[in-house]
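Commentary on secondary and tertiary structure
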Amino acid sequence: MTSTEADLEDLRAILAPLETGEAPRELSHLATLEAEAIHIIREVAAEFERPGLLFSGGKDSIVMLRLAEKAFWPQKLPFPVVHVDTGHNFPEVMEYRDRRVAEMGIRLVVGSVQDAIDTGRVIEERGPRASRNRLQTTVLLDTIEQNAFDAVFGGARRDEERARAKERIYSFRDEFGQWDPKQQRPELWDLYNGRHRKGEHLRIFPLSNWTELDIWQYIERECLPIPSIYFAHRREVFQRDGMLMATSPYLERLEGEEPFAETVRFRTVGDMTCTAAVASDASDIDAIVAEIAATRITERGASRADDRTSDAAMEDRKREGYF
């Protein structure tokens, strides 16, 4: 079923009872999630003066961008997309990011970790386990301040990780960009409190109630193009801490970490120094959906080294201002 056919089917579910007098049919699961997310995006656009949408070229931000596109069609997005570029990203993802932005004719705001290193704003780690991932927090907060964003859409989902399960859809951040789970506001009956003072902002998570499987099923339904690294392909990798890391000029290998060729794909994309691949033969969307439906390991648990530094690694970073 194409994206247009799926939308028409959902529309028929709404209109048919009006014509026949029958009891209304329930919308599909994906249609319900889509409607909730579009409602949230429109509420933010109406309520805030300077929102921005985080867009990395990863699957969640691809879905979020599609939802924003639908929310304002046929007009262009009324806000820019924002990317914090570590400089160590997968080239396939950067090519996709630039191509998608050009196709939609929208403004891209880039916060550069490399620029922050060059100016002494942050200090780069050194050594085989060094990563720029944590440096993104400072660059993100600087980008928010420089552009006076009062709301920033993020693609985080509650099923990803325990700290993200604590998030509200409207996630309040103080004047330092920090998050305190004890200070989050109740969200009863889908009512969202966007009140904030100058210097404060909110992170908005329209995909909070989605799962990884929902994301892939929506990509399939909407026929959305995605970066090639999400599909199984032969790649040179090496083993580290039970994970398959892609060989890269940015990732120094330890003694004994010999590279070899393997058929892999990536369940999540991020900085190359902390994002692992998974062995897989899933070379199309149908196979990916089947694979995700059968797995019992979360995507971050399977492929993000930065989440393994401690049991509270994500929560610690979020308190500092991370995504």
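Reference entry: report on the structure contained in this document. What you are looking at is a predicted structure, and each value in this text was computed from that prediction instead of being measured.

Strand pairing within a sheet occurs via backbone hydrogen bonds; the two strands may be parallel or antiparallel. Judged by pairing direction, the barrel is antiparallel, and its 4 strands sit side by side in the order β7-β8-β10-β9 before closing back on the first. Across the sheet, the axes of successive neighbouring strands diverge by a mean angle of 70°, strand direction being ignored. In the sheet, strand β7 (residues 233-240) pairs with strand β8 (residues 243-246) via 4 bridges, with the strands oriented antiparallel. The residue bridging V237 from the neighbouring strand is A246, located in β8.

Side chains that are three or four residues apart share a direction in an α-helix, a result of its 3.6 residues per turn. The buried fraction of helix α8 (residues 212-222) is high, at 8 of 11 residues. Turning to α8, its buried residues are E212, D214, I215, W216, Y218, I219, R221 and E222. Remark: C223 follows α8 within two positions and exhibits a positive phi of approximately 55°.

With 5 bridges connecting them, β7 and strand β9 (residues 260-265) associate as antiparallel partners. Within β9, the residue paired with R235 across the bridge is E262.

With that settled, the discussion passes to the packing of helix α2 (residues 29-47) against helix α3 (residues 59-72). α3 packs onto α2 with a crossing angle of 70° between their chain directions and a minimal axis gap of 9 Å. One way to sum up the angle between α2 and α3 is to call them roughly perpendicular. Our pair here, α2 against α3, has a crossing hand that is right-handed. Packed against α2, whose contacting residues are E34, A37, I38, I41, R42 and A45, the element α3 presents M64, L67, A68, K70, A71 and F72 at the interface.

One side chain can pair with another of opposite charge once the charged atoms of both are near each other. Summed over the entire model, instances satisfying the criterion amount to 23 salt bridges. Note that E103 and R100 form a salt bridge whose closest N and O atoms lie 3.6 Å from each other. Placement of both E103 and R100 in helix α4 (residues 91-104) is noted, with a separation of 3 residues, approximately one turn of the helix. With a relative accessible area of 12%, R100 lands in the buried category. Taking the shortest distance from any N to any O, the salt bridge between R240 and E257 comes out at 2.8 Å. In this pair, R240 is assigned in strand β7 and E257 in the loop between β8 and β9, connecting sequence segments 17 residues apart.

Conventions adopted
- Once a new chain begins, its residue numbering starts again from 1 and follows that chain's sequence as written.
- Totals for whole chains, interfaces and linings use every residue, but because this is a predicted model, local features are given only for residues with pLDDT of at least 70 and side-chain atom pairs only at 80 or more, for both listing and counting.
- Hydrogen atoms and water are omitted, and side-chain values are computed over all heavy atoms in the structure.
- Two strands are said to pair when DSSP picks up at least two bridges between them.
- Numbered from the N terminus, helices here are DSSP runs of H or I no shorter than four residues, and strands are runs of E no shorter than two.
- Angles here are taken between N-to-C directions and fall from 0 to 180 degrees, while the axes themselves are lines fitted to C-alpha atoms, restricted in helices to the stretch in contact.
- Here the term buried applies to any residue with accessible area under 20% of the maximum for its type, exposed to any over 50%, and partly exposed to those in between, with areas from a 1.4 Å probe on protein chains only.
- In what follows, roughly perpendicular refers to angles from 65 to 115 degrees, roughly parallel to angles under 35, roughly antiparallel to angles over 145, and oblique to any angle outside these ranges.
- For a crossing to be left-handed, the near helix must be turned anticlockwise from the far one by less than a right angle; the clockwise case is right-handed.
- Contacts are residue-level and defined by heavy atoms, with any inter-residue pair within 4.5 Å sufficient.
- Between Lys or Arg on one side and Asp or Glu on the other, a salt bridge is scored when a side-chain nitrogen of the former is within 4 Å of a carboxyl oxygen of the latter.

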